[in-house]
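# Reading the structure
One letter stands for each residue in the lines below.
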Amino acid sequence: LAELLGLAVLPWLFWALSGARSGSPTFLLATALATAALVLSHNPTAILGLSFAVLWAAWLTFEPLAGEGTLRRWLSRALPMALGLALGMGLSAFFWLPATAEAAATRLDLVGGRENVLHLLRGGPRLVLDKLLYDYPGIPQFGLVQAVLAAGGSLALLAFGSGIARRKTLAQVTLLAVALGLNTPLSEPFWAHAPLVGAMSFPWRLVGMGSLPAAMLAGGLAAVGPLGLRLTALGLAGVASLAASLA
């Protein structure tokens, strides 16, 4: 339940960061509250979620817009987002600061550790389910319907979207590729040296992280293109998602 709550907060954090880069006090406060809520929800999800949020904030900082590209402009975008994230960490410091100080007195190695993550990585299942229904074999995998919808939305955005939409699509595809790629044996060097890996326990926690960019990409089916094609794609996507979830 705690992990699910953390994943539910993540879209709000991405949304808040997108508004905070303009310097809006409202979105800055929303960024702080979403950050604090994420930290207080679930430790591994918070670590991964904040990592992806920082990547998203970096992209929002350097996203090219007409007539904008100076260092001053980049700083004017980055500072409000950084301030919102820092305020969120401050609001939740009563939780994570004592926990960090007392980490050496715990036995986190009993619930996972780096070696456990590497072991599971080498013997893990396929990343994507090989059937339409959500029937997990004890280990979370990326749904086939999710993958198809994300791919379809990406193609729609690249074919019919504006220049900004195409750039955002590439950013979301990159986030999704990172989330899923870190579940493959090719990512062993990362897991062998990255900090805080012991708190992850399982590499497939990143499957949940991939759900957000996948959902944003799937939204392209209803956002761009001829109206008839959008309505048809939206109807088929709804039916497929409902069938896969309830079956």
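Residues numbered from 1 in each chain as written. Predicted model: local features only at pLDDT ≥ 70, side-chain atom pairs only at ≥ 80, totals over all residues. Heavy atoms only, no water.

### Describing the overall build of the protein chain
Assigned secondary structure in the protein chain consists of twelve helices and zero strands. In the protein chain, the succession of α and β elements from N to C terminus is α-α-α-α-α-α-α-α-α-α-α-α. Taking all 247 residues of the protein chain together, 39% fall into the buried category. Long-range pairs, those at least 24 residues apart, make up 71% of the contacts in the protein chain between residues at least 6 apart in sequence. (Helix = DSSP H or I, 4+ residues; strand = E, 2+ residues; numbered from the N terminus. Buried < 20%, exposed > 50% of the residue type's maximum accessible area, 1.4 Å probe, protein only. Contact = heavy atoms within 4.5 Å.)

### Details of the packing of helix 1 (residues 2–20) against helix 10 (residues 205–218)
Packed helices, taken two at a time, are described by the angle between their axes plus the distance between the axes. It is the contact of helix 1 with helix 10, at a shortest axis distance of 10 Å, that shows an interaxial angle of 35°. Crossing handedness for the pair helix 1 and helix 10: right-handed. Two secondary-structure elements touch here, helix 1 through Glu3, Leu7, Leu10, Pro11 and Phe14 and helix 10 through Arg205, Gly208, Met209 and Leu212. (Axes fitted to C-alpha atoms, helices over the stretch in contact; angles between N-to-C directions. Left-handed = near helix turned anticlockwise from the far one by under 90°.)

### Some points on the side chain of Gln172
Tracing the backbone shows Gln172 in helix 8 (residues 163–181). For Gln172, a relative accessible area of 3% gives the class buried. Residues in contact with Gln172, not counting those within four places in the same chain, are Trp56, Pro213, Met216 and Leu217.

### Details of the confidence of the model for the protein chain
In the predicted model, the protein chain carries a mean pLDDT of 80, and the fraction of residues at 70 or more is 83%. Within the protein chain, no element has a lower average pLDDT than helix 6 (residues 114–122), which sits at 67, and none a higher one than helix 2 (residues 25–41), at 93. (pLDDT = per-residue confidence, 0-100.)

### Some words on the nonpolar core
In this structure, Leu13, Phe14, Leu17 and Trp56 are the most contacted members of the largest nonpolar core, which totals 32 residues. Where this core is concerned, the elements lending two or more residues are helix 1, helix 2, helix 3 (43–62), helix 4 (71–91), helix 6, helix 8 and helix 10. A per-element tally of this core places helix 3 first, with nine residues. Beyond its immediate sequence surroundings of up to four residues, Trp56 is in contact with Phe14, Leu17, Ser18, Ala171, Gln172, Leu175 and Met216. Counting eight residues, the second-largest nonpolar core is a separate cluster that includes Phe142, Ala150, Val207 and Leu217. (Core = buried A, V, L, I, M, F, W, Y, C linked by side-chain atoms within 4.5 Å.)

### Focus on helix 7 (residues 144–160)
The end-to-end C-alpha separation of helix 7 is 24 Å, in line with the 24 Å expected for 17 residues at 1.5 Å each. Listing the buried residues of helix 7 in full gives Val145, Leu149, Ala150, Gly153, Ser154, Ala156 and Leu157. Relative to the axis of helix 7, the buried residues are bounded by an arc of 165° and lie together on one face. Exposed and facing more than 90 degrees away from the buried side of helix 7 are Val148 and Leu155. (Expected span 1.5 Å × (residues − 1). Arc of directions from axis to C-beta.)

### A look at the packing of aromatic side chains
By the definition in use, this model includes five aromatic pairs. Relative to Trp56, the ring of Phe14 has its centre 5.4 Å away and its plane inclined at 15°; by these criteria the two rings are stacked. Here the residue Phe14 occupies a position in helix 1, and Trp56 occupies one in helix 3, the gap between them amounting to 42 residues. There is no split in this pair, since Phe14 and Trp56 are both buried. With a centroid separation of 5.4 Å and 15° between ring planes, the pair formed by Trp56 and Trp59 is classed as stacked. With Trp56 and Trp59 both in helix 3 and three residues apart, this pair spans about one turn of that helix. One exposure class covers both Trp56 and Trp59, and it is buried. One aromatic cluster is present, formed by Trp12, Trp15 and Phe27 through successive ring pairs. (Phe/Tyr/Trp six-rings, centres within 6.5 Å; stacked < 30°, edge-to-face > 60°.)

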